[in-house]
Amino acid sequence: MWNDKRYHTLDYELKKIFGEKTIKLSIDGGFTCPNRDGTIGSRGCIFCSERGSGDFNSDRNISITNQIREQKQVMSKKWRSNTYIAYFQSYTNTYDSVENLRKKFYEALSCTNIRGLAIATRPDCINEQVLELLDELNSKTFLWIELGLQSIHNETAGFIRRGYNLEQFEKAYELLKSKNIRMVVHLIVGLPAESKEQYLETIKYISKKEVWGIKLHMLHVLKNTDLADYYDKNNFNILSRDEYINIVCDSLELLNQSTIIHRLTGDGKKSELIEPLWTLDKLKVLSDIDKELRSRDSYQGKNFSL
Ligand code: SF4
């Protein structure tokens, strides 16, 4: 239905918008996070890696321009295209003075062939001043904002030490929606504090919201995280590949067809990943999702209802 896929992929959507393959360049803007600098917490979310979930990014000590240059070189070995989105991925990319944010975002936009910006942040870091800047950027370029929600359940949020509640997510959602700014929501599958039913409640909640896109991640247990210690002590159940694929297909069936699927499986650095090791074979996971949808004769939105 979306070229050769049974779900609405980001690749499909960006090709439709820009007319060719669009490549995301991951950037470390040099920011921190209120859940790490002591404002909300100092140990971060329980699963957060040392690089603030930006493990494949360039060195944060080099300029945005040079990071973009470096990333373009890396990506040119994989793809032949000159259309790029600068993706501010590591830590919380709206957690700084508006002046500094403005400088970094505009530096990225001034680089050759950068056609848009993707900015990952936390809902509690979208205030009126930040919103004003985002609104301005949205009028000038192709912009989307990524929000790490992970789960709608406040008890899960407590377990993962997310440091904000669902009401704060809803407030940020309304602010961004009021300015027609595209939102992408991150959710984690396989959290130890949650049942499959609870996870699917989160999917149903998101499917009723006007979000532009969604990223699903299998929970990764990475070295040197508090989750790794917790796993060591409690040896909680890690989903098998088949269980994960089934849950992803159930999720796709529940999602509105207009919701763009940015990711169905995460990238864990081989040297850092403790579990689940099956996620390292990303292509196999994706092809098994396709197979499962075919065998169900199913597709995104099959079970969607408002
Ligand atoms: S909000 Fe993001 S950067 Fe901050 S601690 Fe959580 S995962 Fe890490």
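First, a word on what this report is: a plain description of the structure on this page. No experiment lies behind these values; they were computed from the predicted model shown.

## Looking at the layout of surface pockets
Here is step 1 of the chain: The volume enclosed by the second largest pocket comes to roughly 160 Å³.
Here is step 2 of the chain: Along its surface, the second largest pocket is lined by V189, G190, L191, P192, E194, S195, K196, Y199, F236, N237, L239 and I247.
Here is step 3 of the chain: Tallied by class, the residues present in the lining of the second largest pocket amount to seven nonpolar, three polar and two charged.

## Description of helix α10 (residues 282–296)
Here is step 1 of the chain: The terminal C-alpha atoms of α10, which comprises 15 residues, lie 21 Å apart, in line with the 21 Å expected from a rise of 1.5 Å per residue.
Here is step 2 of the chain: Those residues of α10 that fall on the buried side of the exposure criterion are V285, D288, I289, D290 and L293.
Here is step 3 of the chain: Those residues of α10 hidden inside the fold are in contact with α9 (241–254).
Here is step 4 of the chain: Count one or two residues on from α10 and you reach D297, which has phi positive near 50°.

## Digging into the site of the ligand
Here is step 1 of the chain: With respect to spatial proximity, ten residues lie near the ligand, and among them C33, G44, C45, C48 and R122 are the closest.
Here is step 2 of the chain: Residues of the shell around the ligand, tallied by class, amount to five nonpolar, three polar and two charged.

## Observations concerning the side chain of Q67
Here is step 1 of the chain: Take Q67: it is sitting in helix α2 (residues 64–76).
Here is step 2 of the chain: Not counting the four nearest positions on each side in its chain, Q67 is found in contact with I27, D28, S58, D59, R60 and I62.

## Here we look at α9
Here is step 1 of the chain: Its 14 residues give α9 an end-to-end C-alpha distance of 20 Å, which sits within 8% of 20 Å, the value for a rise of 1.5 Å per residue.
Here is step 2 of the chain: Counting buried residues in α9 gives ten out of 14 residues, a clear majority hidden from the surface.
Here is step 3 of the chain: Among all positions in α9, only Y244, I245, I247, V248, C249, D250, S251, L252, E253 and L254 are buried.
Here is step 4 of the chain: If you follow the buried residues of α9, they end up packed against β5 (182–189), α7 (196–207), β6 (213–218), β8 (260–263) and α10.

## Structural notes on the packing of aromatic side chains
Here is step 1 of the chain: A complete count under the given rule lists eleven aromatic pairs for this structure.
Here is step 2 of the chain: Ring centres of F88 and F105 lie 5.0 Å apart, and the angle between their planes is 85°; this geometry places the pair in the edge-to-face category. Of this pair, F88 sits in strand β2 (residues 83–88) while F105 is found in helix α3 (residues 98–109), placing the two residues 17 residues apart along the sequence. Take F88 and F105: they sit in the same class, and that class is buried.
Here is step 3 of the chain: Here Y231 and F236 contribute two aromatic rings whose centre-to-centre distance is 5.1 Å and whose plane-to-plane angle is 70°, an arrangement assigned as edge-to-face.
Here is step 4 of the chain: Within the aromatic cluster, the residues linked to one another by ring pairs are F18, F142, W144 and W212.
Here is step 5 of the chain: Stacked on the ring of W212, the Lys or Arg R182 has its end atom at 5.8 Å from the ring centre.

## Looking at the pattern of salt bridges
Here is step 1 of the chain: Tallied over the entire structure, the rule returns 21 salt bridges.
Here is step 2 of the chain: Of the charged contacts, one joins D11 and K15 as a salt bridge, the two residues approaching to 3.1 Å between their closest N and O atoms. With D11 and K15 both in helix α1 (residues 10–18) and four residues apart, this pair spans about one turn of that helix.
Here is step 3 of the chain: In this structure K15 comes out as partly exposed when scored by relative accessible area, which is 36%.
Here is step 4 of the chain: With a shortest N-O distance of 3.2 Å, D28 and R60 are connected by a salt bridge. Taken as a pair, D28 in the loop between β1 (22–27) and α2 and R60 in the loop between β1 and α2 lie far apart in primary sequence, 32 residues in all.
Here is step 5 of the chain: The class of R60 is partly exposed, set by a relative accessible area of 32%.

## Observations concerning the sheet that holds strand β3 (residues 114–121)
Here is step 1 of the chain: As summarised here, the arrangement of the seven strands in space is β1-β2-β3-β4-β5-β6-β8, forming an open sheet in which the pairing is parallel. Both outer strands of the open sheet, β1 and β8, are each paired with one neighbouring strand and no more. Between one strand axis and the next, the sheet turns by 25° as a mean value, whatever way the strands run.
Here is step 2 of the chain: Here β5 pairs with β6 via six bridges, running parallel. Opposite V184, over in β6, you have G213 as the bridge partner.

## Section: the state of the cysteines
Here is step 1 of the chain: Scanning the model with the defined rule gives zero disulfides in all.
Here is step 2 of the chain: No disulfide involves C125; its sulfur sits 6.7 Å from the nearest other cysteine sulfur, which is in C33.
Here is step 3 of the chain: Classification of C125 as buried rests on a relative accessible area of 7%.

Procedures and definitions
- Residues numbered from 1 in each chain as written.
- Predicted model: local features only at pLDDT ≥ 70, side-chain atom pairs only at ≥ 80, totals over all residues.
- Heavy atoms only, no water.
- 1 Å grid on protein atoms, 1.4 Å probe; cavity = no way out; pocket = protein on both sides within 12 Å on 5 of 7 lines; lining within 4 Å.
- Points joined across faces, edges and corners; volume = space filled by probe spheres on them.
- Nonpolar A, V, L, I, M, F, W, Y, C, P; charged D, E, K, R; others polar.
- Helix = DSSP H or I, 4+ residues; strand = E, 2+ residues; numbered from the N terminus.
- Expected span 1.5 Å × (residues − 1).
- Buried < 20%, exposed > 50% of the residue type's maximum accessible area, 1.4 Å probe, protein only.
- Contact = heavy atoms within 4.5 Å.
- Near = heavy atom within 4 Å.
- Phe/Tyr/Trp six-rings, centres within 6.5 Å; stacked < 30°, edge-to-face > 60°.
- Lys NZ or Arg CZ within 6 Å of the ring centre and 35° of its normal.
- Salt bridge = Lys/Arg side-chain N within 4 Å of Asp/Glu carboxyl O.
- Pairing = 2+ DSSP bridges.
- Axes fitted to C-alpha atoms, helices over the stretch in contact; angles between N-to-C directions.
- Disulfide = S-S within 2.5 Å.

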